[in-house]
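Close look at the chain arrangement
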Amino acid sequence: MKRTIIITGGAGFIGSHVVRLFVNKYPEYHIINVDKLTYAGNLANLKDVEDKPNYTFVHADICDFDTIYALMQRVHVDGIIHLAAESHVDRSIKDPFTFAKTNVMGTLSLLQAAKLYWESLPEGFEGKRFYHISTDEVYGALQMTHPEGIQPPFTTKASSGEHHLAYGEQFFTEDLKYQPHSPYSAAKASSDHFVRAYHDTYGLPTIVTNCSNNYGPYQFPEKLIPLFINNIRHRKPLPVYGKGENVRDWLYVEDHARAIDVIFHRGTIAETYNIGGFNEWKNIDIIRVLIATTDRLLGRPEGADDDLITYVTDRAGHDLRYAIDSSKLQRELGWEPSLQFEEGIEKTVRWYLDNQDWMDNVTSGDYMKYYEDMYKNR
Ligand code: NAD
Ligand code: DAU
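Residues numbered from 1 in each chain as written. Chains lettered and ligands numbered in written order. Predicted model: local features only at pLDDT ≥ 70, side-chain atom pairs only at ≥ 80, totals over all residues. Heavy atoms only, no water.

A few points about the sheet that holds strand 11 (residues 280–282)
- Judged by pairing direction, the sheet is mixed, and its three strands sit side by side in the order 7-9-11 without closing on themselves. The open sheet has two free edges, formed respectively by strand 7 (213–215) and strand 11, since each of these has just one partner strand. Shown here is a sheet whose adjacent strand axes are inclined to one another by a mean of 50°, direction ignored.
- As paired strands, strand 9 (residues 247–252) and strand 11 are joined by three bridges and run antiparallel to one another. Bridge pairing links D249 to E280 in strand 11.
- Contacts from helix 7 (residues 253–266) reach strand 7 and strand 9 within the one sheet, and its direction differs from that of strand 9 by about 70°. (Pairing = 2+ DSSP bridges. Helix = DSSP H or I, 4+ residues; strand = E, 2+ residues; numbered from the N terminus. Axes fitted to C-alpha atoms, helices over the stretch in contact; angles between N-to-C directions. Contact = heavy atoms within 4.5 Å.)

Quick look at the structure:
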């Protein structure tokens, strides 16, 4: 079936994996990547697909309603997979307005444009889909009732390696009350509410998913995993917030992209699906894995870089524990992570070490100059 799908934020970390998967897997679809190219957007993330005939890049801001509405009419959009957002918690603490603008107003502008365009068609909303990608952070923080760890209720491939403990009995389930703590998660929560309101009020065919922490290639090195791999490589201090006891639930980014594919095609309208691999880690444990793996792959002696660990002032409002219950998605749509966590981390560290040019381009800011030149020469 022919389809035109707009993917927003496709030049970012997760978006680039979703664009790559859809462009390669569905040659009959036209995939349109709409991205503003903020500091987090990098077209180098999509070098391998940029010349494919079923791929188009459109440089646009999702907050610009007129441009977005005109684009939807011009390309006859059938489906929207919405990832564009400001995504970094630390930035949201310093600059909450930008997060409200992009994550809330940007989402609202997309919703309204899709509603107006699809309502104008003879078939209306039939066969259309507005899929909003959200985060587990909207649920707030879970208690750490078992700091020593207990068996999780399910085991998936992601959690079937050596480390497969949960740090409490409670998990984020789809029916849990929203309790966001950071400006980032508050803005994402608000956008989720708008998406559901557009379904409940106008009948827009929406789906929302809430995913746990992603890791893998092309992640901007302000986030824990790429930042620390790069710092270990350059023997720079590793700034561990607080005591390093906070727990995050990690999923390999390509497994998130696969879940998005399954849910976009087979998910039920108006439903919410949580996405995660039952793969909880205390930050300090993951940091030790990163040091050991990076040192081994660089041929450094074991323990050579342990002293890079530097405890620093905690993040304001730092959520203690995230843990997703993705059993609904596994049960209803048969999705499950494809990678064991140990394999995923090894692949990830290797990718960053093998792609130092990508990292240098990002950390030097050269990738932004590339855009300046590109638009200057038009
Ligand atoms: P990212 O910061 O790497 O990428 C965001 C992308 O959105 C960039 O390409 C940026 O240029 C683009 N963008 C930002 N503002 C825009 C605007 N106004 N108009 C158009 N494009 C704009 O983010 P990510 O980590 O890939 O996250 C993608 C989505 O997934 C976000 O909605 C985020 O909340 C959600 N999410 C992320 C994670 C994670 O672990 N990274 C986990 C769960 C959910
Ligand atoms: O849970 C999903 C969320 O995961 C996404 O919605 C966000 O977009 C994404 O950024 C991520 O949020 P986190 O705040 O969990 O990710 P981050 O990589 O910033 O931090 C992971 C943990 O590591 C967190 O407990 C804070 C800690 N940390 C982070 C950095 C950058 C440190 O101790 N030191 C650091 O320098």
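Concerning the pairing of strand 9
- Counting buried residues in strand 9 gives six out of six residues, a clear majority hidden from the surface.
- Judged from the three bridges that link them, strand 7 and strand 9 form a sheet pairing that is parallel. Counterpart to N214 in the pairing with strand 9 is L251. (Buried < 20%, exposed > 50% of the residue type's maximum accessible area, 1.4 Å probe, protein only.)

Describing the nonpolar core
- Counting residues in hydrophobic clusters, the biggest one holds 31 residues, and the most contacted among them are I225, L238, I287 and L290.
- Residue assignment for this core shows that the elements contributing at least two residues are helix 6 (224–233), strand 8 (238–241), strand 9, helix 8 (283–297), helix 10 (341–354) and helix 11 (356–364).
- Considering every element that reaches this core, the biggest residue donor is helix 10, with six residues.
- When sequence neighbours within four positions are dropped, the list of residues in contact with I225 reads Y215, W250, I286, L290, I345 and T348.
- Within the second largest apolar cluster, 30 residues are counted, among which are V18, F22, L46 and I133. (Core = buried A, V, L, I, M, F, W, Y, C linked by side-chain atoms within 4.5 Å.)

Structural notes on the packing of helix 2 (residues 65–75) against helix 4 (residues 96–119)
- Remark: helix 2 packs on helix 4, axes separated minimally by 9 Å, with the N-to-C direction vectors making an angle of 40°. Handedness of the crossing formed by helix 2 with helix 4: right-handed. Of the residues in helix 4, those in contact with F65, I68, Y69, M72 and Q73 of helix 2 are S109, L110, Q112, A113, A114, L116 and Y117.
- Class assignment of the residues belonging to the contact of helix 2 with helix 4 gives a composition of nine nonpolar, three polar and no charged. (Left-handed = near helix turned anticlockwise from the far one by under 90°. Nonpolar A, V, L, I, M, F, W, Y, C, P; charged D, E, K, R; others polar.)

Some words on unusual backbone geometry
- Notably, R235 is not glycine yet its phi reads approximately 55°, a positive angle.
- Position of R235 among the secondary structure elements: in the loop between helix 6 and strand 8.
- On the basis of relative accessible area, R235 is assigned to the partly exposed category, the value being 46%.
- In this model, A270 sits at a positive phi of 75°, which is unusual for a non-glycine residue.
- With respect to the element layout, A270 can be found in the loop between helix 7 and strand 10 (272–275).

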